[in-house]
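Each chain, letter by letter, is given below.
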Amino acid sequence: MVVLGSRDHYCIHPSVRKKGRNINEECKQLLERGGRSAAVNEPGESSDTGRGCGYSHGAMKLASTVSKPGAEPLDIEDLVVAGKKSRACPYFAAKTAAESAELVFCPYNYLLDPAVRSAMDIELKGAIVILDEAHNVEDTSREAASCDLDLEQLEEAAAA
């Protein structure tokens, strides 16, 4: 059993967690700059050192630990605690654990939005999907299939 969540919920990197930062973008930039094998920045140390995110390198080990048969199921908060303790990224651990999990919990948009489903590597073929509070599915589906355009974008499209 695993709970998929966003980087906003799972990130434990101290400088990325600083208030006002875009956690998704900061995480992606760290991984691009330093890869997944860089050293862990110390608390208070800037993520701009070019060393990358050292927490991500332990994600596979954390995923295998929490995915062991008979292991106690962990919710988001528990996996964050385990990640801090082992200095491993709970976000990538959850994504890795989901690949072999028999039960995966996630928000609606992870299933209904094709872009999010692809980004999270969620395969629905052969899966049994149970939706809690399904009355919200219509709004979520509409939002996933919608986009916002401003006047400039519309004028550019009309001129093309």
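Residues numbered from 1 in each chain as written. Predicted model: local features only at pLDDT ≥ 70, side-chain atom pairs only at ≥ 80, totals over all residues. Heavy atoms only, no water.

Now for the side chain of S6. Locating S6 in the fold gives a position in the loop between β1 (2–3) and α1 (7–10). A polar contact of 3.0 Å, which involves the side chain of S6, links it to the side chain of H9. If near-sequence neighbours (up to four positions away) are discounted, S6 is found in contact with Y91 and Y110. (Helix = DSSP H or I, 4+ residues; strand = E, 2+ residues; numbered from the N terminus. Polar contact = N/O pair within 3.5 Å; in protein donor to acceptor, adjacent residues only side chain to side chain. Contact = heavy atoms within 4.5 Å.)

Now for the state of the cysteines. In total, this model carries zero disulfides according to the counting rule given. Cysteine C89 remains unbridged, with the sulfur of C53 as its closest cysteine sulfur at 6.0 Å. Take C89: its relative accessible area is 8%, and that puts it in the buried class. (Disulfide = S-S within 2.5 Å. Buried < 20%, exposed > 50% of the residue type's maximum accessible area, 1.4 Å probe, protein only.)

So, about the packing of helix α3 (residues 59–66) against helix α5 (residues 90–98). α5 packs onto α3 with a crossing angle of 55° between their chain directions and a minimal axis gap of 8 Å. One way to sum up the angle between α3 and α5 is to call them oblique. Relative to α5, α3 is oriented so that their crossing is right-handed. Judged by residue contacts, A59, M60, L62 and A63 of α3 engage P90, F92, A93, T96 and A97 from α5. The residue makeup of the contact of α3 with α5, split by class, is eight nonpolar, one polar and no charged. (Axes fitted to C-alpha atoms, helices over the stretch in contact; angles between N-to-C directions. Parallel < 35°, antiparallel > 145°, perpendicular 65-115°, else oblique. Left-handed = near helix turned anticlockwise from the far one by under 90°. Nonpolar A, V, L, I, M, F, W, Y, C, P; charged D, E, K, R; others polar.)

A separate point is unusual backbone geometry. The phi torsion at R87 lies on the positive side, around 55°, for a residue other than glycine. In this structure, R87 sits in the loop between α4 (76–86) and α5. The class of R87 is partly exposed, set by a relative accessible area of 36%. Not every positive phi belongs to a glycine, and D121 is a case in point at roughly 55°. With respect to the helices and strands, the residue D121 is situated in the loop between α7 (114–119) and α8 (137–144).

For the largest pocket, the calculated volume is near 690 Å³. Surrounding the largest pocket, 24 residues form its lining, L103, V104, F105, L111 and I122 being those nearest its centre. When residues of the lining of the largest pocket are traced back to their parent elements, those giving at least two are α5, β2 (104–105) and α6 (108–112). Classifying every residue of the lining of the largest pocket gives 18 nonpolar, no polar and six charged. Counted as a void, the second largest pocket has a volume near 230 Å³. As for the second largest pocket, its lining consists of 13 residues, of which M1, V66, S67, K68 and A101 are closest to the centre. The class makeup of the residues in the lining of the second largest pocket is eight nonpolar, three polar and two charged. (1 Å grid on protein atoms, 1.4 Å probe; cavity = no way out; pocket = protein on both sides within 12 Å on 5 of 7 lines; lining within 4 Å. Points joined across faces, edges and corners; volume = space filled by probe spheres on them.)

This paragraph deals with empty space enclosed by the protein. What the rule picks out here adds up to two cavities of 30 Å³ or more. For the largest cavity, the calculated volume is near 100 Å³. Around the largest cavity, the lining comprises 13 residues; the ones closest to its centre are C11, H13, C27, C53 and C89. Listed by contribution, the elements that provide at least two residues to the lining of the largest cavity are α2 (23–34) and α5. Counted by class, the lining of the largest cavity contains ten nonpolar, two polar and one charged residues. Of the volumes computed, that of the second largest cavity is approximately 40 Å³. Lining the second largest cavity are M1, V2, V66, L74 and L79. The class makeup of the residues in the lining of the second largest cavity is five nonpolar, no polar and no charged.

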